[in-house]
Amino acid sequence: MDTSVLEPETSLAPKEAFARLYGEPLFSLPHDLYIPPQALEVILHSFEGPLDLLLYLIRKQNLDVLDIPMAQVTEQYLSYVEQIRQTNLELAGEYLLMAALLIEIKSRMLLPVKKADTGEEVEDPRAELVRRLLAYEQMKRAALALEDLPRVERDFELSAVQVDLHIEEVFPDVCADDLREAWLGILQRAKLHQSHTITREQLSVRDHMSQILRRLSNHEFLEFNQLFDDVLGQAITDAAAVVVVHFLAMLELAKESLVALTQAEPYAPIYLRLAYTQPTVTA
């Protein structure tokens, strides 16, 4: 019996292109590919000058800025300057100037200390450098603090709004519920002045309208409850009927726009005034 070996079919998945050259995908690096050293150069702008680099070396090693070990710091500083000198000679110019100053200070510290002719103590060769470092650190911290402050057009925008302020006192409209509560209060007061003597009287709404207008002519504002004081104070047999007619007279005057009802705020007392006179507003 013939047997045959069946090899499994293998499907080659398309490789993912890692780059494109003139629009064409590249799946492998060319054998003659040349990458210039400058193409892989990475410049880190970590320091803003020689003082910044020197301060970084001191603070990184927790050294006392008032007692700088010049030999150790100078060696580290020169190592960094040598790196940037090989890549960017113009950038290394100011760093080389600081390196010369460090070497000078280091040399002066190796010499024996001589007292001045005046007898005063000779100043430490590192004193001037320390003053410059402390001043630079102070200004750098101030700059960082200013950078953290909100900045216009970066953190917020300025806007100008012109507002025309015109103050005018506006009396709110009298709510129907407030008028109903006030009327119920008057009815309660009318029940206290009821008389048992029954007499027949002719009540005229027009007469009561005239009474209200005459009374308001002597008052700029009259409280709603005070409007019924004279009616309730009279010795009448049917005080409730008189109060009702007086109330209807007031409503008729309001309907004909002869009397205006005002209220300073919700639930405040209700006042009456003549509608054809302007109220005096005190500042």
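Note that the coordinates shown come from a computational prediction; the quantities given were computed from them, not determined experimentally. (Residues numbered from 1 in each chain as written. Predicted model: local features only at pLDDT ≥ 70, side-chain atom pairs only at ≥ 80, totals over all residues. Heavy atoms only, no water.)

Participant: Break down the confidence of the model for the protein for me, citing the residues and quoting the values.
Facilitator: Chain-level statistics for the protein give a pLDDT mean of 76 and a share of 76% at 70 or above. Here residues 1–13 is modelled with pLDDT under 50, and outside its nearest four sequence neighbours on either side it reaches 0 contacts, counting other chains as well. (pLDDT = per-residue confidence, 0-100. Contact = heavy atoms within 4.5 Å.)

Participant: Now, about the packing of aromatic side chains: what can you tell me, with residues and values included?
Facilitator: Two descriptors summarise a pair of aromatic rings, namely the distance from one centre to the other and the angle between the planes of the rings. A full pass over the atoms with the stated rule returns 4 aromatic pairs. Pairing Phe 221 with Tyr 271 gives two aromatic rings, centres 6.5 Å apart and planes at 90 degrees, and the pair type is edge-to-face. On the criterion of sequence distance, the pair formed by Phe 221 in the loop between α6 (205–217) and β3 (222–223) and Tyr 271 in strand β5 (residues 270–274) is long-range, its members being 50 residues apart. Note on Phe 224 and Phe 247: the rings are 6.3 Å apart at their centroids and 85 degrees apart in plane angle, and the pair reads as edge-to-face. Taken as a pair, Phe 224 in the loop between β3 and α7 (229–233) and Phe 247 in helix α8 (residues 239–255) lie far apart in primary sequence, 23 residues in all. In this pair, the class of Phe 224 matches that of Phe 247, namely buried. Here the aromatic residues Trp 183, Phe 224, Phe 228 and Phe 247 are joined through ring pairs into a cluster of three or more. (Phe/Tyr/Trp six-rings, centres within 6.5 Å; stacked < 30°, edge-to-face > 60°. Helix = DSSP H or I, 4+ residues; strand = E, 2+ residues; numbered from the N terminus. Buried < 20%, exposed > 50% of the residue type's maximum accessible area, 1.4 Å probe, protein only.)

Participant: Lay out helix α5 (residues 176–192) in plain terms, naming residues and giving numbers.
Facilitator: Two residues of an α-helix separated by three or four positions point the same way, owing to the 3.6 residues in each turn. In this model, α5 (17 residues) spans 25 Å end to end at C-alpha, consistent with the 24 Å of a helix rising 1.5 Å per residue. Within the span of α5, buried status applies to Asp 178, Leu 179, Ala 182, Trp 183, Ile 186 and Ala 190. Considered in projection along α5, the buried side chains sweep an arc of 135 degrees and stay on one side of the axis. Facing away from the buried side of α5 by more than 90 degrees, the exposed set consists of Lys 191 and Leu 192. (Expected span 1.5 Å × (residues − 1). Arc of directions from axis to C-beta.)

Participant: Provide a residue-level description of the sheet that holds strand β4 (residues 259–263), including the pertinent values.
Facilitator: Pairing is antiparallel across the open sheet formed by 3 strands, whose spatial order is β3-β5-β4. The open sheet has two edge strands with one neighbour each: β3 and β4. By the bridge criterion, 5 bridges tie β4 to β5 in an arrangement that is antiparallel. Among the inter-strand pairings, Val 259 is bridged to a residue of β5, identified as Leu 274. Those strands touched by α6 are β3, β4 and β5, and its axis lies near 90 degrees from that of β5. (Pairing = 2+ DSSP bridges. Axes fitted to C-alpha atoms, helices over the stretch in contact; angles between N-to-C directions.)

Participant: An account of helix α4 (residues 127–148) is requested, with residue identities and associated values reported.
Facilitator: Along its 22 residues, α4 runs 32 Å from first to last C-alpha, staying within 8% of the 32 Å computed at 1.5 Å per residue. Looking at α4, one finds that the buried residues are Ala 127, Leu 129, Val 130, Leu 133 and Glu 137. Across the axial projection of α4, the buried residues extend over an arc of 160 degrees, all falling on one side. Turned more than 90 degrees from where α4 packs its buried face, Gln 138, Met 139 and Leu 146 sit exposed.

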